[in-house]
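Structural features, examined
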Amino acid sequence: MNFIDYVTLMLVNMAAGLLILAFFLWRDLALTAENNRRWTPSFAISGTVAVICGFAMTFTWPLPSPYNIAFGETSVMLGFLFLAAAWALAKGWDLLPLAIYAFVAGLTGILVGVRIWHLGLTANPPLSAIGFILTACGGVFAGLVLWLRQSTLLRRTGSVILSIAALLWLYTAFLGYWEHLQTPPP
């Protein structure tokens, strides 16, 4: 049986989505809905990849491990948040109602991060745990940032945290690509 590991794709996609969100927070969140529509395709791309890969991993992951829960299920949640944000931005709707779902998804991400560290999962448990926790902070604090969107300090702080999380995931993904590409076929 040939095993295809697409965690690297999921990590690069998540990093790209987090960087898109970080730039959006840094620049345009406080602006008008018309200006925000231009972000729709970027959020939609990240959301689509995350949902497809997340569902595939959740239901068909061939390894006997909890990685389908940690990476697959959280990818589905993040992916649907990005898709919903894309839709809301395209329609000119307020993003604040999405913060309720983001809060619950964020709490889940924090729990998963803590558990990864506690159980020693992944090749680098502390790095993965910190990545999950920083990413999840974006969801936990989304409501506050959206409610106080005129606060440049709050938006920029969130942007920096999400950028750090994105860089951690990119580092992890690139290490994965480096290792996976040298693995000989079965």
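Refer to the structure printed above.
For clarity, every value in this text was computed on a predicted model and none was experimentally measured. (Residues numbered from 1 in each chain as written. Predicted model: local features only at pLDDT ≥ 70, side-chain atom pairs only at ≥ 80, totals over all residues. Heavy atoms only, no water.)

1. Examining the overall build of the protein
Looking only at helices and strands, the protein features 8 helices and 0 strands. Each helix and strand of the protein, placed in order from N terminus to C terminus, yields the pattern α-α-α-α-α-α-α-α. Rg of the C-alpha trace for the protein: 16 Å, near the compact-globule value of 16 Å for 186 residues, within the 12% margin. A principal-axis box enclosing the C-alpha atoms of the protein has dimensions of 55 × 30 × 25 Å. The buried share of the protein, reckoned over its 186 residues, is 44%. Contacts spanning at least 24 positions in sequence make up 74% of the contacts within the protein whose residues lie at least 6 apart. Total accessible area computed for the protein in this model is approximately 10100 Å², and 74% of it derives from carbon and sulfur atoms. Charged side chains of the protein number 8 positive and 6 negative; the gap between the two group centres comes to 12 Å. (Helix = DSSP H or I, 4+ residues; strand = E, 2+ residues; numbered from the N terminus. Rg over C-alpha atoms; globule rule 2.2 N^0.38 Å. Buried < 20%, exposed > 50% of the residue type's maximum accessible area, 1.4 Å probe, protein only. Contact = heavy atoms within 4.5 Å. Areas by Shrake-Rupley, 256 points an atom, 1.4 Å probe, with all protein chains shown as cover. Lys, Arg positive; Asp, Glu negative; His and termini not counted. Charge placed at Lys NZ, Arg CZ, Asp CG, Glu CD.)

2. Brief notes about the packing of aromatic side chains
Under the definition given, this model contains 10 aromatic pairs. On the numbers, 5.7 Å between centres and 90° between planes, the contact of phenylalanine 24 with phenylalanine 43 is edge-to-face. Residue phenylalanine 24 is found in helix 1 (residues 7–27), and its partner phenylalanine 43 is found in helix 3 (residues 40–60); the two are separated by 19 residues along the sequence. Judged by its relative accessible area of 2%, phenylalanine 24 is buried. When its relative accessible area of 2% is taken as the criterion, phenylalanine 43 is described as buried. Taking 5.7 Å as the distance between ring centres and 45° as the angle between the ring planes, the aromatic pair formed by tryptophan 87 and tryptophan 93 counts as tilted. (Phe/Tyr/Trp six-rings, centres within 6.5 Å; stacked < 30°, edge-to-face > 60°.)

3. Section: the nonpolar core
Counting 47 residues, the largest nonpolar core has Phe43, Leu95 and Trp169 as its most contacted members. Mapped onto this core, the elements with two or more residues apiece are helix 1, helix 3, helix 4 (67–91), helix 5 (98–119), helix 6 (125–140), helix 7 (142–147) and helix 8 (152–182). Filtering out sequence-adjacent residues up to four positions away, phenylalanine 43 remains in contact with Ile20, Leu21, Phe24, Phe82, Leu83, Ala86 and Leu89. (Core = buried A, V, L, I, M, F, W, Y, C linked by side-chain atoms within 4.5 Å.)

4. Quick word on helix 8
Residues that lie three or four places apart on an α-helix share one face, since the helix turns once every 3.6 residues. Between its terminal C-alpha atoms helix 8 stretches 45 Å, which fits the 45 Å expected from 31 residues at 1.5 Å a residue. Buried residues of helix 8: Arg155, Gly158, Ser159, Leu162, Ala165, Ala166, Leu168, Trp169, Leu170, Thr172, Ala173 and Gly176, and no others. Against helix 1, helix 4, helix 6 and helix 7 lie the buried residues of helix 8. (Expected span 1.5 Å × (residues − 1).)

5. Observations regarding a nonpolar patch on the surface
Together, Leu9, Phe174, Tyr177 and Leu181 give the surface a local cluster of nonpolar side chains, amounting to about 430 Å² of exposed area. At 3 residues, the largest contribution of residues to the nonpolar patch is made by helix 8. (Patch = residues over 30% accessible without salt bridge, like charges linked within 9 Å, V, L, I, M, F, W, Y side chains within 5 Å. Salt bridge = Lys/Arg side-chain N within 4 Å of Asp/Glu carboxyl O.)

6. Quick look at the layout of surface pockets
To locate leftover empty space, one rolls a probe as large as a water molecule over the atoms. Space inside the largest pocket adds up to approximately 850 Å³. Elements with a contribution of two residues or more to the lining of the largest pocket: helix 1, helix 3, helix 4, helix 5, helix 6, helix 7 and helix 8. When residues of the lining of the largest pocket are assigned to their parent elements, the largest contribution, 9 residues, is made by helix 4. Partitioning the lining of the largest pocket into residue classes produces 36 nonpolar, 11 polar and no charged. Its boundaries defined by the atoms lining it, the second largest pocket holds a volume of some 500 Å³. Contributions of two or more residues to the lining of the second largest pocket are made by helix 1, helix 4, helix 6 and helix 8. A per-element tally of the lining of the second largest pocket places helix 8 first, with 6 residues. Here the residues of the lining of the second largest pocket sort into 10 nonpolar, 7 polar and 2 charged. (1 Å grid on protein atoms, 1.4 Å probe; cavity = no way out; pocket = protein on both sides within 12 Å on 5 of 7 lines; lining within 4 Å. Points joined across faces, edges and corners; volume = space filled by probe spheres on them. Nonpolar A, V, L, I, M, F, W, Y, C, P; charged D, E, K, R; others polar.)

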